[in-house]
Amino acid sequence: MSANRSLAWHPVPVNAAINIRWWLLHRDSLTRLIQQRCSKFLVEPVFQSLAPACADELDIMNLRRSELALVREVYLYCNDTPVIFAHSVVARKHLDDAWRGLSRLGNRSLGTMLFTNPMIKRAEFGYKQLNTHHPLFKRACQRLQTPPPSLWARRSLFTLQGQPILVTEVFLPAILRLKI
């Protein structure tokens, strides 16, 4: 039971501090929110390849453990500081159909694409406080000088033509320095 519990994402961020809660619960484009608060916004791609999904992504994406998916990871920067680590997963079979443009995004924001297409629908958020045992925590901390004990993350499923993409946003400590 503890293994399944450690994989669980929750419908509300019950233990989140007030200062991070606003960011976690905001439903608009995170890219747009950050852009409004920065003089210079940058998307830095750090990984994009066919790779296995994380264990806690398999069921929601209907993937088998051995099945490869397109995994894309980027940092969103406000000025010269990373504020978000974003991780997206799409099944390989959907790359030639609904999500065919994903592999050509480069340093453009996935959020811009998701929020400008009215055909794309977003499901409810799941929330999790990631710790050192979660693979996304380790990858998110690669640009941090001093990793914190934990990081809050949210994820949601977006669908286009019935085909899902899972987007996880990990909130880095510097997000709290941006004006709400």
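Please refer to the structure higher up on the page.
Let me begin by describing the structure that accompanies this report. Fair warning: this is a prediction, and the values are worked out from it, not measured in the lab. (Residues numbered from 1 in each chain as written. Predicted model: local features only at pLDDT ≥ 70, side-chain atom pairs only at ≥ 80, totals over all residues. Heavy atoms only, no water.)

### Considerations on empty space enclosed by the protein
Logical step 1: Taken as a whole and assessed by the stated rule, the structure comprises 1 cavity of 30 Å³ or more.
Logical step 2: Within this model, the largest cavity holds a volume of roughly 200 Å³.
Logical step 3: Considering the residues around the largest cavity, the lining is formed by 20 residues, among which Ala86, Leu110, Gly111, Val167 and Glu169 are closest to the centre.
Logical step 4: Elements that contribute at least two residues to the lining of the largest cavity include exactly α3 (30-35), β2 (68-78), β3 (81-91), α5 (110-116) and β7 (163-171).
Logical step 5: With 4 residues, the single largest contributor to the lining of the largest cavity is α5. (1 Å grid on protein atoms, 1.4 Å probe; cavity = no way out; pocket = protein on both sides within 12 Å on 5 of 7 lines; lining within 4 Å. Points joined across faces, edges and corners; volume = space filled by probe spheres on them. Helix = DSSP H or I, 4+ residues; strand = E, 2+ residues; numbered from the N terminus.)

### Examining the nonpolar core
Logical step 1: Counting residues in hydrophobic clusters, the biggest one holds 22 residues, and the most contacted among them are Trp23, Ile34, Val83, Ile84, Phe171, Ile175 and Leu178.
Logical step 2: Put simply, the parts of the chain that give this core at least two residues each are α2 (18-25), α3, β2 and β3.
Logical step 3: The residues touching Ile34, leaving out its near neighbours within four places in the chain, are Trp23, Phe41, Leu76, Cys78, Val83, Ile84, Ile175 and Leu178.
Logical step 4: In terms of nonpolar packing, the next biggest core, distinct from the first, is built from 15 residues, Trp9, Leu130, Ala140 and Val170 among them. (Core = buried A, V, L, I, M, F, W, Y, C linked by side-chain atoms within 4.5 Å. Buried < 20%, exposed > 50% of the residue type's maximum accessible area, 1.4 Å probe, protein only. Contact = heavy atoms within 4.5 Å.)

### Looking at α2
Logical step 1: All of the buried residues in α2 are Ile20, Trp23 and Leu24. Around the axis of α2, the buried residues are gathered within 100 degrees of arc, so they sit on the same side.
Logical step 2: Considering only its buried residues, α2 is in contact with α3, β5 (126-131), β6 (150-160) and β7. (Arc of directions from axis to C-beta.)

### Things to note about the pairing of β2
Logical step 1: Counting buried positions over the 11 residues of β2 gives 10, a clear majority of the element.
Logical step 2: Pairing of strand β1 (residues 41-52) with β2, which is carried by 11 bridges, proceeds in the antiparallel orientation. Bridge pairing in β2 links Pro52 to Leu68.
Logical step 3: When β2 meets β3, the two strands line up antiparallel, connected through 10 bridges. Note that in β3 the partner of Leu70 across the bridge is Val90.
Logical step 4: Linking β2 to β3, which pair antiparallel, is a turn of 2 residues; within it Asn79 sits at a positive phi near 60 degrees. (Pairing = 2+ DSSP bridges.)

### Looking at the packing of aromatic side chains
Logical step 1: Enumeration according to the criterion identifies 5 aromatic pairs in this entry.
Logical step 2: Where Trp22 meets Trp23, the ring centres are 4.9 Å apart and the plane angle is 90 degrees; that geometry is what we call edge-to-face.
Logical step 3: With a relative accessible area of 1%, Trp23 lands in the buried category.
Logical step 4: Ring geometry for Phe115 and Phe158: centres 6.1 Å apart, planes at 80 degrees, overall edge-to-face. One end of the pair, Phe115, is in helix α5; the other, Phe158, is in strand β6, and 43 residues separate them in sequence.
Logical step 5: Ring pairing ties together the aromatic residues Tyr75, Tyr77 and Phe85, which thus form one cluster. (Phe/Tyr/Trp six-rings, centres within 6.5 Å; stacked < 30°, edge-to-face > 60°.)

### Overview of the state of the cysteines
Logical step 1: Counted according to the given criterion, the structure contains 1 disulfide.
Logical step 2: Through a disulfide, Cys38 is tied to Cys78; the S-S separation comes to 1.9 Å. Between Cys38 and Cys78 the sulfur-sulfur dihedral comes to about -120 degrees; the bridge is accordingly left-handed. With a gap of 40 residues between them, Cys38 in the loop between α3 and β1 and Cys78 in strand β2 connect regions that are remote in the sequence. (Disulfide = S-S within 2.5 Å.)

Scope: geometric values only; no functional claims are made or implied.
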